[in-house]
Amino acid sequence: MELQKKEFITYKHLERLFTSQEYFVWNLNVDKVLSDFNIEDESTNSLWEIFDDLNNEEDLDNYKFVEIIKNGFNLVNQLFIKQIKDWAIKEKKKIIIINEKNNQLAFQKTIDALNDPEIDWIVNPVFIFDDLISKCALYIKDQKKLFSLIHSSKTKLKNYIKAYFDFNVLIKNNIEINEYLFFNYDSKKEYLKSNDLSFVYSKYCWTQKSSPSKQFKKPIEEHVKYSIIEKLKTGIITFKLNKKTNEEEPIITLFLKDFDDFILQIKNAKNIPFSGNINQKDLTIWGSNPLFNDLFNYQDYGIKKVSGNLLKKSELIELYLGTKKINDFAKNKLSLNYVLTNKSQYDKEIIKSYLNKIEINNIVWYDFEGFSMPYSILAHTKPYQQLVFQLSLIRTEKEQIIFNENLVIDPQKISTNDFVNIIEKIYWSKAQYYVVYNKNYEILKLKEMIELIEKDENLSLETKKSLSNKVKLIEQNTVDLLDLFSISQSKDKIPPIFIPDLLGFSSIKKIENYINNNNIKLKVMIKPYKNLNIQNGLMAMNKGIQRYLNSIGDLEWEKESKNLAEYCENDVYAMIMVYFFVKKIYQEN
């Protein structure tokens, strides 16, 4: 007889309670979160990080996209279990792996293993108390150590929420815990083969906003005062958000003592409607609501939805609370002031310097698309490292297109030789400049290609030196059109081109929308992204991952390759369109 599926409360519900107003504990628009994602933001672990943020099985079962990502983690789980098995053999321990899909059966098998004196370690244990469910990575019985696996190379403050949840579920089951530890990905290891991943563990959790400094020679635990379990037992977490030398910073104290009250709040949240706006519960020390910027009712404060470079989340909360008004921020933010007063600015001298480089010279315009996996795709690559599997390029002479090419690499067959080919195709001996939109991404990827090429024993030293020199020349002669529009959050400096209707945004798609919405006719126009089969970088990466995992077969890949080439080529034409838009601005102002 099939057991009835029960709705459980997981640590993710608690995490949402700590980072969102009650309505979103049970209601989160996954499609909207995905649509707001910036694939070229190298500060994130791409869509894998989104999945980890949203991962709640009851929420995500109906999303095909998420199912693909789950498949991507299958190998991670296999590699993890292999490492645990090897460790157990070394320690001469007998293990049991809980792999039942039914939660109640998995819990019963966990309890049976706890009571079995022949079993030393329980892998993937499941603990249930009433409607609470805790899923962990490993429980070592004699030492009473509980481990969780996080899909990242470092811990962060919000991981305490899972530790706190797991700790309390086990206590309610009268199961002792003497130590709580996190397994995470080993990003320092040199992976010598593809599809490889190793794990390290720590009883400490990094609580600061910044990543652990490279200057730390000692293990991270020597920079933290208390272990996770000590903080769980006291219910008090004390820490500093930033590590600054020679500067005092207040210690933050968080109290986690009312677990039953938190669970009651989660249950009651089912009956609480959306308030209609964000509030202070959507931005806490633990993190923010994934839909924060979309939920804020900008029109209530006389503004449109502006970029986070103009108004930070904390400032939006101040607007909501009424402690500040929009003009209070505009007094100290020139870019925000320009938006509110509908003021444009064009630095014709800087604009002209860009035009002079492009209009009379030989130019290579190019764009990459990448994909990543949570493990090494090739030897010497890191977990989550994006590898380029698409190149589109166009050559122009004095603004005239003389050549274009699209390269789509099969992710299943990607190799260092493909990176050699990419560099050779981009480099043009006649080119004076190489134009991109967001050089941070393209140049980073080129440098990573060179690192992999230099470690390829099948390539000659002469070839490696030649390619390295070509990449240096490409970098030295790169023109980034994004620099004309980009606003820095740290420095309130008006960019050379400031258009108030862009509301502080500077992505190429925002500029394309502005051009089309204002019916601006230019020498080069692009296909509207909404009319393409592949409409953004997230969709492109998704196709790359599907192909790597063999979710896309050979015949379907032929079709998808054409769609991918069309999208990437459109991005390059968009750069040329933006160039002519810049030229029009210069001529008319």
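Draft legend 1. Expanded view of the environment of Leu 105. The topology assignment puts Leu 105 in helix α7 (residues 103–115). Separated by 21 residues in the primary sequence, Leu 105 and Val 126 place their C-alpha atoms 9.2 Å from one another.

Draft legend 2. Spatial organisation of empty space enclosed by the protein. Across all of its chains, the model carries 3 cavities of 30 Å³ or more by this definition. Its boundaries defined by the atoms lining it, the largest cavity holds a volume of some 40 Å³. Along the walls of the largest cavity sit Gln 385, Gln 386, Leu 387, Val 388, Phe 419, Lys 445, Glu 448, Met 449 and Leu 452, which together make up its complete lining. In terms of residues, the lining of the largest cavity owes the most to one element, helix α17 (residues 439–454), which gives 4 residues. Taken together, the residues that form the lining of the largest cavity break down as 5 nonpolar, 2 polar and 2 charged.

Draft legend 3. Structural context of the nonpolar core. Of all hydrophobic cores here, the largest spans 105 residues; its most connected members are Trp 365 and Tyr 366. Of all hydrophobic cores here, the second largest spans 50 residues; its members include Phe 18, Ala 106, Cys 136 and Ala 163.

Draft legend 4. Representation of the packing of helix α16 (residues 416–426) against helix α18 (residues 461–476) within the structure. Running from amino to carboxyl end, α16 crosses α18 at an angle of 50°, the nearest separation of the two axes being 10 Å. Here α16 is positioned oblique relative to α18, judged by the angle of their axes. α16 and α18 meet at a crossing whose hand is left-handed. Seen from α16, the contacting residues are Val 420, Ile 423, Glu 424 and Ile 426; seen from α18, they are Leu 467, Lys 470, Val 471 and Ile 474. Looking at side-chain class alone, the contact of α16 with α18 contains 6 nonpolar, no polar and 2 charged residues.

Draft legend 5. Structural view of the confidence of the model for the protein. Of all residues in the protein, 86% attain a pLDDT of 70 or more, and the chain-wide mean is 87. Across residues 38–45 the pLDDT falls below 50, and counting only partners more than four positions away or on other chains, this stretch makes 18 contacts in the model. Below a pLDDT of 50 lies the segment residues 57–63, which in the model reaches 12 contacts outside its immediate sequence neighbourhood of four places, other chains included.

Draft legend 6. The arrangement of the packing of aromatic side chains in detail. The full count for this structure, using the stated rule, is 30 aromatic pairs. Judged by centre distance (5.1 Å) and plane angle (15°), the ring pair of Phe 296 and Tyr 301 falls under stacked. Among the residues examined, Tyr 301 registers a relative accessible area of 22% and is labelled partly exposed. Grouping aromatic residues by their ring pairs yields a cluster made of Phe 80, Trp 87, Trp 121, Phe 147, Phe 183, Tyr 185, Phe 199, Tyr 201 and Tyr 384. When the ring centre of Tyr 529 is taken as reference, the NZ or CZ atom of Lys 509 above it lies at 4.5 Å.

Draft legend 7. The arrangement of helix α8 (residues 159–172) in detail. Relative to the 20 Å expected for 14 residues at 1.5 Å per residue, α8 spans 20 Å between its end C-alpha atoms, a close match to the ideal helical length. Summarising burial for α8: 12 of the 14 residues are buried, a large majority. Buried within α8 we find Asn 159, Tyr 160, Ile 161, Lys 162, Ala 163, Tyr 164, Phe 165, Asp 166, Phe 167, Asn 168, Val 169 and Leu 170. A positive backbone phi angle near 60° is found at Asn 174, which sits one or two residues after α8.

Draft legend 8. Representation of α18 in the model. For α18, which comprises 16 residues, the first-to-last C-alpha distance of 22 Å matches the rise-based estimate of 22 Å (1.5 Å per residue) to within 8%. Burial in α18 covers these residues: Lys 464, Leu 467, Ser 468, Lys 470, Val 471 and Ile 474. Buried residues of α18, viewed axially, fall in a sector of 160°; they line one side. Counted as exposed and oriented over 90 degrees from the buried face of α18: Leu 461, Glu 462, Lys 465 and Gln 476.

Draft legend 9. Highlighting the side chain of Ser 307. Residue placement: Ser 307 occurs in the loop between α11 (292–295) and α12 (313–321). Overall, the relative accessible area of 5% leaves Ser 307 in the buried class. When residues no more than four places from it in sequence are discounted, the contact partners of Ser 307 are Leu 503, Gly 504 and Phe 505.

Draft legend 10. View of the environment of Ser 134. Here Ser 134 lies in strand β4 (residues 132–135). You can call Ser 134 buried: its relative accessible area is 1%. Distance in space between the C-alpha atoms of Ser 134 and Ile 9 is 8.8 Å, their sequence separation being 125 residues. Not counting residues within four places of it along the chain, the set of residues in contact with Ser 134 comprises Pro 125, Val 126, Phe 127, Phe 165, Asp 166, Val 169 and Leu 170. There is a polar contact of 2.6 Å between the side chain of Ser 134 and the side chain of Asp 166.

Draft legend 11. Main features of the pairing of β4. Here 4 bridges tie strand β3 (residues 126–129) to β4, and the two strands are oriented antiparallel to one another. When the sheet's bridge partners are listed, Phe 129 is paired in β4 with Leu 132. Following β3, the chain reverses through 2 residues before pairing antiparallel with β4; Asp 130 in that reversal takes a positive phi of roughly 55°.

Parameters at a glance
- Counting from 1, residues in each chain are numbered in the order their sequence is written.
- The model is predicted, so local features are restricted to residues of pLDDT at least 70 and side-chain atom pairs to those at 80 or more, both for listing and for counting; the totals for chains, interfaces and linings are taken over all residues.
- Only heavy atoms go into the side-chain values, all of them from the structure, while hydrogens and water stay out.
- Each helix is a run of DSSP H or I of at least 4 residues and each strand a run of E of at least 2, with the numbering of both proceeding from the N terminus.
- Residues are said to line a cavity or pocket when one of their atoms sits within 4 Å of a point; the points come from a 1 Å grid over protein atoms alone, cavities being sets where a 1.4 Å probe fits but cannot get out and pockets being open sets with protein on both sides within 12 Å along at least five of seven lines.
- Grid points are joined across faces, edges and corners, and a volume is the space filled by probe spheres set on the points.
- Amino acids outside the nonpolar list (Ala, Val, Leu, Ile, Met, Phe, Trp, Tyr, Cys, Pro) and the charged list (Asp, Glu, Lys, Arg) are all regarded as polar, and Gly is one of them.
- The definition of a nonpolar core used throughout is a set of buried Ala, Val, Leu, Ile, Met, Phe, Trp, Tyr and Cys residues joined through side-chain atoms within 4.5 Å.
- Three labels apply to residues, based on accessible area from a 1.4 Å probe with only protein chains included: buried if under 20% of the type maximum, exposed if over 50%, partly exposed otherwise in between.
- To obtain an axis, a line is fitted to C-alpha atoms, over the contacting stretch when the element is a helix, and the angle between two such axes runs from 0 to 180 degrees between their N-to-C directions.
- Throughout this description, any angle smaller than 35 degrees is read as roughly parallel, any larger than 145 degrees as roughly antiparallel, any in the 65 to 115 degree range as roughly perpendicular, and the remainder as oblique.
- Should the near helix be turned anticlockwise from the far one by less than a right angle, the crossing is left-handed, and should it be turned clockwise, the crossing is right-handed.
- Throughout, a contact is declared for two residues whenever any of their heavy atoms are within 4.5 Å.
- The pLDDT value expresses, per residue, how confident the predictor is, ranging between 0 and 100.
- In this scheme Phe, Tyr and Trp rings, the latter by its six-membered ring, pair at centre separations within 6.5 Å, and the angle between planes marks the pair as stacked below 30 degrees, edge-to-face above 60, and tilted otherwise.
- Each ring is checked for a lysine NZ or an arginine CZ that lies within 6 Å of its centre and within 35 degrees of its normal; such an atom marks a charge sitting over the ring.
- A helix is expected to span 1.5 Å for every residue after the first.
- By construction, the arc corresponds to the directions joining the helix axis to the C-beta atoms.
- Two N or O atoms count as a polar contact when they lie within 3.5 Å, although within protein this holds only if one can serve as hydrogen donor and the other as acceptor, and sequence-adjacent residues are included solely when both atoms are side-chain atoms.
- Between any two strands, pairing holds if DSSP finds at least two bridges.

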